[in-house]
Amino acid sequence: MRPLRACLGAAAAVALAAAGATAFVAGSASGATTALGNRWYAAAPYLMPLDNNPPDPAAIMDATGLKAFQLAFVLAPNGGGCTPTWDGTAPVSSDTAVQSVINTIRSKGGDVSVSIGGYGGTKLGQACSDPASTAAAYQQVITKYGLHAIDFDLEEPEYENTAAIHNEIGAAKILQQNNPGLYVSVTTAGTADGTGWFGKQMLLEAKSQGFTPNNFSIMPFDGGFNGAASQTGALTNFNSILQSTFGWDQATAYAHEGFSGMNGRSDTGEIFTQADFQTVLDYATSHHMDRFTFWSLNRDRQCSPPDNGGRTSGTCSSVAQNSWDFAAYSVKFAGATPPTTPPTSTPTPTPTPSPNSCKTAWSATAVYTAGNEVSYGKHNWKAKWWTQNEVPGASQWGPWQDEGAC
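Residues numbered from 1 in each chain as written. Predicted model: local features only at pLDDT ≥ 70, side-chain atom pairs only at ≥ 80, totals over all residues. Heavy atoms only, no water.

A.B. asks: Help me understand the packing of helix H9 (residues 197-209) against helix H10 (residues 228-246), please; the structure alone is not making it clear to me.
C.D. replies: Two quantities define a packed helix pair, namely the angle between the helix axes and the distance between the axes. The interhelical angle for the contact between H9 and H10, taken along N-to-C directions, is 35 degrees, at an axis separation of 10 Å. Crossing of H9 against H10: the hand is right-handed. From H9, Lys 200, Leu 203, Leu 204, Ala 206 and Lys 207 reach across to H10, where they touch Phe 238, Ile 241, Leu 242, Thr 245 and Phe 246. (Axes fitted to C-alpha atoms, helices over the stretch in contact; angles between N-to-C directions. Helix = DSSP H or I, 4+ residues; strand = E, 2+ residues; numbered from the N terminus. Left-handed = near helix turned anticlockwise from the far one by under 90°. Contact = heavy atoms within 4.5 Å.)

Quick look at the structure:
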């Protein structure tokens, strides 16, 4: 376990949070972009700008007409503390790399939302002392990048921590109040019944705090799902949960409901094809749902060489596809028409990148901490957290992240 460290004093945190509205307006004024319509923020697919062989967002925009990107993930520092970082390692305060990505997107008429949390790492809701200090940390991100949208990705293991979820939901409410017009989404795990016990507790926490985001989205994958029918069934069941929790009618619940899928092969070996995405898209639009997104653009390209679903990768989908096939469904959800391309008889594989040099070979006796890189099985791997004698790739949920062939 990583040690948790107290954040800003309560008085200072409240003061900074209270200044959030002014900071947001100033940040927006200098943020070099006018807000897109909410439908675009609702359609923004996830993109890791610093990891998993980041694709060029400008190329995706040109190829698909996509305008919005969900940048992931903002976490607490790996060494402890209540300040925002990218992936636990790169402080937001001194960032230039992600800012450059944002500038590129905005220069082409697009915009970004930023996602906090995700699977793995220490979340700010765990590291900060209360909702106010958690909100103050996130306000730094909103102000630095002039954000119009933010996503709270609340899942394992954080959403099993009652205090952390209290901090996250409380922070989301503060940010919503202090940043008028801010688009706020909350993303959590999906099950066949809609969402599990911890997801339902998160909804009850939101109800108790009087917080209503633009949407609550579920991730119907990695839970024994099998194609689109199982996903739309979960969305129907989740709608019932929203109705019973908040006292909404069906239409109101759908207007606050979102889908966050995984393109291609999931971590547990489920396969979701372009046809599955089309089916869920049809469901989402016909039920007037608020959000349709997926994990991730880094994976929205064919593996090279094609592996026919044999492994899960952070940099390709493991299904036959043209590059950015899945992004086109986000564009359609936003209400735009993707550019037409000449038909091809077979999918165009992603060009094979120049091989990366292999890192130092993994050792069963060495101790590795978050960010350490090794090579194993002709792939480079990055440690997500402290580990020793855990073979890279041995477990879908293990400590090693595949960085591709070397």
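Now that the structure has been shown, the text picks up again.
A.B. asks: Would you take a moment to explain the nonpolar core for this structure?
C.D. replies: A general feature of soluble globular proteins is that nonpolar side chains tend to end up buried together. With 95 residues, the main nonpolar core has Phe 69, Phe 152, Phe 216 and Phe 292 as its most contacted residues. Those residues in contact with Phe 152 that sit more than four places away from it in its chain are Ile 116, Tyr 138, Glu 168, Ala 171, Ala 172, Leu 175, Val 184, Ser 185, Val 186 and Thr 187. (Core = buried A, V, L, I, M, F, W, Y, C linked by side-chain atoms within 4.5 Å. Buried < 20%, exposed > 50% of the residue type's maximum accessible area, 1.4 Å probe, protein only.)

A.B. asks: I tried to follow the state of the cysteines on my own but got confused; where do I start?
C.D. replies: Note on terminology: a disulfide is the covalent bond linking the sulfur atoms of two cysteines. Enumeration according to the criterion identifies 2 disulfides in this entry. Across the disulfide from Cys 303 sits Cys 316; the S-S distance is 2.1 Å. Around the S-S axis, the bridge from Cys 303 to Cys 316 shows a dihedral of about 90 degrees and counts as right-handed. Taken together, the residues span a long stretch of sequence, with Cys 303 in the loop between strand E12 (291-295) and helix H13 (327-334) and Cys 316 in the loop between E12 and H13 at a distance of 13 residues. Of the two residues, Cys 303 and Cys 316, both sit in the buried class. (Disulfide = S-S within 2.5 Å.)

A.B. asks: Looking at this structure, I do not really get the pairing of strand E17 (residues 400-405). What am I missing?
C.D. replies: Within a regular beta strand, the side chains point alternately toward one face of the sheet and then the other, so they alternate between its two faces. Counting buried residues along E17, 5 of its 6 residues qualify, which places the element largely inside the surrounding structure. Pairing analysis gives 4 bridges linking strand E15 (residues 379-383) to E17, with the strands arranged antiparallel. Within the sheet, the bridge partner assigned to His 379 lies in E17 and is Ala 405. (Pairing = 2+ DSSP bridges.)

A.B. asks: Is there a simple way to explain the sheet that holds E17 in this structure?
C.D. replies: For sheets, the rule is that strands pair by backbone hydrogen bonds, running either parallel or antiparallel. Taking strand neighbours across the sheet as the criterion, the 3 strands line up as E14-E15-E17 in an open arrangement whose pairing is antiparallel. Each edge of the open sheet is held by one strand with a lone partner, namely strand E14 (373-376) and E17. With direction set aside, neighbouring strand axes in the sheet form an average angle of 30 degrees. Pairing analysis gives 4 bridges linking E14 to E15, with the strands arranged antiparallel. Note on E15: the bridge partner recorded for Glu 373 is Lys 382.

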